[in-house]
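These are the residues of each chain, in order.
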Amino acid sequence: MRFALICASTRLLRGGFAFGLLLCLGLAACSTTDIDELPPPSTPTIAEYRLVAGDRVAVTVFGHPELSAVVDLSDDGNMELPLVGKINARGRTSLELRALVTEIVDRDYVIDPNIDIVIARYQPFYVLGEVNTPGSYDFALGLNMRKAVAEAGGFTRRAAKSQVLLTRRTEHGQTVRDVSLDTSVYPGDVIEIKRRWF
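Definitions and limits used
Residues numbered from 1 in each chain as written. Predicted model: local features only at pLDDT ≥ 70, side-chain atom pairs only at ≥ 80, totals over all residues. Heavy atoms only, no water. Helix = DSSP H or I, 4+ residues; strand = E, 2+ residues; numbered from the N terminus. Buried < 20%, exposed > 50% of the residue type's maximum accessible area, 1.4 Å probe, protein only. Contact = heavy atoms within 4.5 Å. Polar contact = N/O pair within 3.5 Å; in protein donor to acceptor, adjacent residues only side chain to side chain. Pairing = 2+ DSSP bridges. Axes fitted to C-alpha atoms, helices over the stretch in contact; angles between N-to-C directions. Expected span 1.5 Å × (residues − 1). Arc of directions from axis to C-beta.

Concerning the environment of Tyr137
With respect to the helices and strands, the residue Tyr137 is situated in strand S7 (residues 135-137). The class for Tyr137 is buried, based on a relative accessible area of 14%. Distance from Tyr137 to Phe125, taken between C-alpha atoms, is 5.5 Å for residues twelve residues apart in sequence. With residues near it in sequence (within four places) discarded, Tyr137 still touches Pro124, Phe125, Val127, Glu151 and Ala152. Polar side-chain contacts of Tyr137 include one of 2.4 Å to the backbone oxygen of Thr133.

Brief notes about the sheet that holds S7
The five strands are arranged S7-S6-S10-S8-S9 in an open sheet whose pairing can be described as mixed. Every other strand in the sheet has two partners, leaving S7 and strand S9 (173-179) as the edge strands with one partner each. Averaged over all pairs of adjacent strands, the angle between strand axes in this sheet comes to 20 degrees, irrespective of strand direction. Summarising the sheet, strand S6 (residues 125-129) and strand S10 (residues 190-195) pair through four bridges and their orientation is parallel. Bridge pairing in S10 links Leu128 to Glu192.

Overview of helix H2 (residues 94-108)
Helix length check: H2 (15 residues) gives 21 Å between terminal C-alpha atoms against 21 Å at 1.5 Å per residue, within 8%. Where H2 is concerned, the buried positions are Ser94, Leu97, Val101, Ile104 and Val105. For H2, the angular spread of buried residues about the axis comes to 95 degrees, placing them on one side. On the buried face of H2, the contacting elements are strand S1 (56-61), strand S3 (78-81), strand S4 (85-88) and strand S5 (115-121).

Don't take any of this as a statement about function, it's just geometry.
Encoded structure:
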């Protein structure tokens, strides 16, 4: 009888140890990598930026002010230049747009024109969640998440400062992921600051 009790106790201990080991392994498998170790979302350079509705473009045809203008892209992605008319600019980089405008102006108006195109205003970025003034803000070169939060009035006292959720549209679709405060901001980004629970 005593021997049977000892065997039963041993089996229980072994079972408990196995269960504990499996539990630890399961928790380790479920844990996520620290956000600082994650590579940041792919950030195209501004030269690779593709125009969208709402962007403002400054077109300069040197020596021909009648062909130059500062224009906004309409909802359908078109922009309208004096004399030239409508041009579909959506989805093009500034270099691609310059090549297209140069081709049209060279064909119809000016031989071998010298044209410069600058993006005068990008689509805004958005800061949501636990900041003092959530909303949309004008994009400027050199912005990172930390500066974007400062633009939005800083963190609230309930903000989880290490939990920054970034939604970004790319050529391949939309990406959503946690990022650090040093991650660069790109036009159209949606930044959400999470709330801490303790």
